[in-house]
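# Observations on chain architecture
Listed below, chain by chain, are the residues.
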Amino acid sequence: NHSLMEPETKLAWPDFWHEIGARKPSPPVVVPEWSSLEPAPHLFREPINCFWHGAPFSPMELVSIRSWLYHGHPVHLWCYERIEGVPPAVTRMDANEIMPFNVRKWRHLAHLADHFRGELLFQRGGIWLDLDMVLNRPFDYTDDCVIGGEKEPDGSTRPVLVLKMPAGAPIM
C-alpha cells in the first residue's frame, strides 16, 4: 500500500493504476517525488483549475494532481474550507471569491460543483479538469474553447469534464 502523502514516495504509474483498478497508461511514467513537483516556470503553461469540498483526497485525486504538475501545469484548487493532505505545490484558492457558499442552497455536492465550475470559467476563463482526469501529456491546446469527451465502445461520446474557455464565453 503506497502512501502518496509522504514526500519520499516514488511511485510508478503502473503500480498505482493497479491499486485503483484502472487501465495502465502506455508508456509507463515514473512520477517524481512531491517535493520536486513544482510546475516548471520556464514552460509558462496555463494553470489547471479544480474544485474540492469535504472529505480528504483519495489516491485518485492525488494521482490526477501529480500528473498535472508533472506536465508543468500550476494547479489552482478552489475550496471553501481547508482540505487535509493537499500537496505543497498546489495553490489553494478561496472559492468564495467566485461564488459565496450557501449550504442550504445545494442539496447535492455535484450541483454545487457544476455551478461553481460554470461561474469560475465565466468570470475568469481558463482550464478546468475534474479531479479524476489524469494527463498523459501537457494540456497544450491552442484553441480558445476546448470541450472534452470520451468515446464509448458503442461509438457514442460521453462528456468528461475537460474544459478550456475564455472569460465571458457565451456557452458558459
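Overview of the structure. (Residues numbered from 1 in each chain as written. Predicted model: local features only at pLDDT ≥ 70, side-chain atom pairs only at ≥ 80, totals over all residues. Heavy atoms only, no water.)

## Topic: the packing of aromatic side chains
The relative placement of two aromatic rings is captured by the distance of their centres and the angle of their planes. Here is the rule we go by: Ring geometry is summarised as follows: Phe, Tyr and Trp rings, the Trp one being its six-membered ring, pair when their centres sit within 6.5 Å, and such pairs are stacked at plane angles under 30 degrees, edge-to-face over 60 and tilted between the two. By the criteria applied, helices consist of DSSP H or I runs no shorter than four residues and strands consist of E runs no shorter than two, each listed in order from the N terminus.
One pass over the full model with this rule turns up eight aromatic pairs. Residues Tyr 80 and Phe 101 carry aromatic rings whose centres are separated by 4.8 Å and whose planes lie at 40° to one another, so their mutual orientation is tilted. Within this pair, whereas Tyr 80 is found in the loop between strand S4 (75-79) and strand S5 (91-94), its partner Phe 101 is found in the loop between S5 and helix H3 (109-124), the two being separated by 21 residues in sequence. Of the aromatic side chains, those joined through ring pairs into one cluster are Phe 51, Trp 78, Tyr 80, Phe 101, Phe 116 and Trp 128.

## Some details on the nonpolar core
What counts is decided by this rule: Within this scheme, the nonpolar core is defined by two criteria: the residues are buried Ala, Val, Leu, Ile, Met, Phe, Trp, Tyr or Cys, and they are joined through side-chain atoms within 4.5 Å. Relative accessible area decides the class of each residue, using a 1.4 Å probe on protein chains only: under 20% of the type maximum gives buried, over 50% gives exposed, and in between gives partly exposed. Any two residues whose heavy atoms approach within 4.5 Å are treated as being in contact.
One finds Phe 57, Ile 65, Trp 68, Leu 77, Leu 129 and Leu 131 to be the most contacted residues of the largest nonpolar core, which totals 24 residues. Per element, the largest residue contribution to this core is four residues, and it comes from helix H2 (residues 59-70). Apart from residues lying up to four places away in sequence, Leu 77 is in contact with Cys 50, Phe 51, Trp 52, Phe 57, Val 86, Val 90, Thr 91, Arg 92, Met 93 and Leu 131. Among the nonpolar cores identified, the runner-up in size contains 17 residues, and Phe 51, Met 99, Trp 106 and Phe 116 belong to it.

## With respect to the pairing of S4
We count it as follows: What makes two strands pair is DSSP finding at least two bridges between them.
Counting buried positions along S4 gives five out of five residues, so the element sits mostly inside the fold. Looking at chain direction, strand S3 (residues 48-51) and S4 are connected through four bridges and run parallel. The residue of S4 that forms the bridge with Asn 49 is His 76. For S4 and S5, the ladder comprises four bridges, and the chain directions are parallel. Opposite His 76, over in S5, you have Thr 91 as the bridge partner.

## A look at the pattern of salt bridges
Going by this rule: Salt bridge criterion: a side-chain nitrogen from Lys or Arg within 4 Å of a carboxyl oxygen from Asp or Glu.
Inspection of the entire model under this criterion finds six salt bridges. When the shortest N-O distance is used, the salt bridge between Arg 124 and Glu 97 registers 3.0 Å. Here Arg 124, found in helix H3, pairs with Glu 97, found in the loop between S5 and H3; they are 27 residues apart in sequence, far enough to count as distant. Here Arg 137 makes a salt bridge to Asp 140, at a shortest N to O gap of 3.0 Å. The network of salt bridges with common partners includes Asp 114, Arg 117 and Asp 130.

## Topic: a nonpolar patch on the surface
Defined as follows: The patches described consist of residues with a relative accessible area above 30% and no salt bridge, like charges being joined within 9 Å and nonpolar side chains (Val, Leu, Ile, Met, Phe, Trp, Tyr) within 5 Å. Only the protein chains shown count as cover for residues, and all accessible areas are computed by the Shrake-Rupley method using a 1.4 Å probe.
On the surface, Phe 122, Ile 147, Ile 171 and Met 172 cluster together into a nonpolar patch covering about 380 Å² of accessible area. Relative to the elements of secondary structure, Ile 171 occurs in the segment after strand S8 (157-165).

## Things to note about H3
Just so we agree on the cut-off: Here the expected length of a helix is defined as 1.5 Å per residue gap, with one fewer gap than residues.
Between its first and last C-alpha, H3 extends 22 Å over 16 residues, near the 22 Å set by a 1.5 Å rise per residue. Turning to H3, its buried residues are Leu 112, Ala 113, Phe 116, Arg 117, Gly 118, Leu 120 and Leu 121. Phi for Gly 125, located one or two positions after H3, is positive at around 70°.

## Describing the side chain of Asn 49
Condition: A 3.5 Å cut-off defines polar contacts: any pair of N or O atoms within that distance qualifies, except that in protein one atom must be a possible hydrogen donor and the other a possible acceptor, and neighbouring residues in sequence count only when both atoms are side-chain atoms.
By the element assignment, Asn 49 lies in strand S3. By relative accessible area, Asn 49 is classed as buried at 7%. A polar atom in the side chain of Asn 49 sits 2.8 Å from the side chain of Trp 78. In contact with Asn 49, not counting residues within four places along its chain, are His 76, Trp 78, Leu 120, Gly 125, Gly 126, Ile 127, Trp 128 and Leu 129.

## Points about the environment of Arg 82
Within the fold, Arg 82 resides in the loop between S4 and S5. A relative accessible area of 60% means that Arg 82 is categorised as exposed. Measuring from C-alpha to C-alpha, the distance between Arg 82 and Asp 94 comes to 9.7 Å, with 12 residues separating the pair along the chain.

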